[in-house]
Amino acid sequence: MILKAENIVFSYKKEETLKGITFSAEEGDFLCVLGRNGCGKTTLFKCLLGLLEPQSGDILIAGKSIRDYSIKELAREVAYIPQAHAPSFNYSVLDVVSMGRNAYVEPFRSPKREDLDYAYTALCRLNIEHLAEKGYSEISGGERQLVLVARALTQNSRLLLMDEPTSNLDYGNQMLVLREVQKLSAEGYTVLMSTHNPDHAFMFASRAVIIDRGRVLAEGAPSEVMNDEVLRQIYHVDLDLVDVKTKNGKEYKVCLPT
């Protein structure tokens with residue numbers, strides 16, 4: 001078990017946001033977390049990253065409570081990939097990716113040659129090594145997201161948390177990023193990604209966790225737990241699920257409004 005959330009309860013003052021969240025993720029899972037705005041997804045991710053401490057319940061990473069990790073130890077286990085990132089200085093892509101080695105570099109020390117090599121290897125893994133010397137703010141949105149994925153890989157963490165990583169991308173760049181992330185899960189990385197788009201879960205995820213008003217409404221394979229009734233309940237919109245088949249024979253469902 002790579003990740004296990006056990007009965008997580010979190011409140012902002014008197015408002016209870018998470019109301020007993022329980023789910024787990026195994027090695028190689030690509031798990032999508034779905035739910036409408038305000039359902040608790042971002043709060044859950046902050047708890048998983050150790051940025052917020054639940055009032056009750058526990059989070060186990062690699063079998064160990066998150067409370068027992070130091071900041072550096074946790075950074076070696078969990079990597080975070082945000083929606084977007086805009087540094088105040090136009091660092092090179094290689095410099096941005098090498099920042100993922102901060103958990104292994106002594107304070108006030110620069111990355112060593114081996115750290116830069118590690119970063120370059122991560123760029124090669126995602127087929128974006130040609131961007132290494134370019135300015136981070138000068139590349140496309142999809143390329144920036146892949147750079148952030150590469151930065152996460154340099155942490156040598158097997159658990160990747162992605163909070164709506166494609167929300168600011170056009171359709172082509174969404175597919176680019178999600179295909180690369182799916183390849184990582186096939187290599188044994190555990191990916192936990194929040195999204196507002198059910199089609200992303202149908203097309204790429206192996207499992208889905210659906211959150212509604214701070215509780216887990218359903219958990220399991222997307223095709224099994226994401227039915228018309230559940231999706232109407234969380235998004236308050238009439239829709240139909242349609243089976244489609246790609247040219248290469250892959251079958252999955254898509255959502256169509258009615």
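Residues numbered from 1 in each chain as written. Predicted model: local features only at pLDDT ≥ 70, side-chain atom pairs only at ≥ 80, totals over all residues. Heavy atoms only, no water.

A. Region of interest: the pattern of salt bridges. Scanning the entire structure with this criterion turns up 13 salt bridges. Between Asp 29 and Arg 207 there is a salt bridge whose closest N-O contact spans 3.1 Å. Note that Asp 29 is positioned in the loop between strand S2 (15-25) and strand S3 (30-34) and Arg 207 in strand S9 (residues 207-212), a separation of 178 residues in sequence. With relative accessibility at 17%, the residue Arg 207 sits in the buried group. Here Asp 212 makes a salt bridge to Arg 36, at a shortest N to O gap of 3.1 Å. Taken as a pair, Asp 212 in strand S9 and Arg 36 in the loop between S3 and helix H1 (41-48) lie far apart in primary sequence, 176 residues in all. (Salt bridge = Lys/Arg side-chain N within 4 Å of Asp/Glu carboxyl O. Helix = DSSP H or I, 4+ residues; strand = E, 2+ residues; numbered from the N terminus. Buried < 20%, exposed > 50% of the residue type's maximum accessible area, 1.4 Å probe, protein only.)

B. View of the sheet that holds strand S4 (residues 56-61). Strand order in the open sheet formed by 4 strands is S2-S1-S4-S5, with antiparallel pairing between adjacent strands. The open sheet is flanked by S2 and strand S5 (64-65), the only strands paired with a single partner. Taken strand by strand, H1 contacts strand S1 (3-12), S2 and S4, and its axis lies near 65° from that of S2. (Pairing = 2+ DSSP bridges. Contact = heavy atoms within 4.5 Å. Axes fitted to C-alpha atoms, helices over the stretch in contact; angles between N-to-C directions.)

C. Expanded view of the environment of Thr 190. Structurally, Thr 190 is set in strand S8 (residues 190-195). Judged by its relative accessible area of 1%, Thr 190 is buried. Taking C-alpha positions, Thr 190 is 30 Å from Leu 239, a pair spaced 49 residues apart along the chain. Beyond its immediate chain neighbours, meaning those up to four positions away, Thr 190 contacts Ile 2, Ala 25, Glu 26, Glu 27, Gly 28, Asp 29, Arg 158, Leu 159 and Leu 160. One polar contact links the side chain of Thr 190 to the main-chain carbonyl oxygen of Glu 26, over a distance of 3.0 Å. (Polar contact = N/O pair within 3.5 Å; in protein donor to acceptor, adjacent residues only side chain to side chain.)

D. View of the packing of aromatic side chains. Taken as a whole and judged by the stated rule, the model has 1 aromatic pair. It is Lys 64 that lies over the ring of Tyr 69; its NZ or CZ is 4.5 Å from the centre. The residue whose ring lies beneath Arg 158 is Tyr 189, and the NZ or CZ to ring-centre distance is 4.0 Å. (Phe/Tyr/Trp six-rings, centres within 6.5 Å; stacked < 30°, edge-to-face > 60°. Lys NZ or Arg CZ within 6 Å of the ring centre and 35° of its normal.)

E. Fine view of the pairing of S4. Bridging between S1 and S4 involves 5 bridges; their strand directions are antiparallel. The residue of S4 that forms the bridge with Glu 6 is Asp 58. When S4 meets S5, the two strands line up antiparallel, connected through 2 bridges. From the neighbouring strand, Ile 61 faces S5, where its bridge partner is Lys 64. Hairpin remark: S4 followed by S5, antiparallel, with 2 residues in the connecting loop; positive phi at Ala 62, about 55°.

F. Quick look at the packing of helix H4 (residues 113-125) against helix H5 (residues 141-154). At a minimum axis separation of 9 Å, H4 and H5 run at an interaxial angle of 130°. Between H4 and H5, the interaxial angle falls into the category oblique. Handedness of the crossing formed by H4 with H5: right-handed. Packed against H4, whose contacting residues are Tyr 118, Ala 119, Ala 122, Leu 123 and Arg 125, the element H5 presents Ala 150, Leu 153 and Thr 154 at the interface. Grouping the constituent residues of the contact of H4 with H5 by class yields 6 nonpolar, 1 polar and 1 charged. (Parallel < 35°, antiparallel > 145°, perpendicular 65-115°, else oblique. Left-handed = near helix turned anticlockwise from the far one by under 90°. Nonpolar A, V, L, I, M, F, W, Y, C, P; charged D, E, K, R; others polar.)

G. Broad picture of H5. For H5, built from 14 residues, the straight-helix expectation of 20 Å at 1.5 Å per residue is met to within 8% by its first-to-last C-alpha distance of 20 Å. The element H5 is largely enclosed, with a buried count of 11 among its 14 residues. The inward-facing, buried residues of H5 contact strand S6 (78-81), helix H3 (93-98), H4, strand S7 (159-163) and helix H6 (171-186). Immediately downstream of H5, the backbone of Asn 156 shows phi near 65°, a positive value. (Expected span 1.5 Å × (residues − 1).)

In short, shape yes, function no, at least from these values alone.
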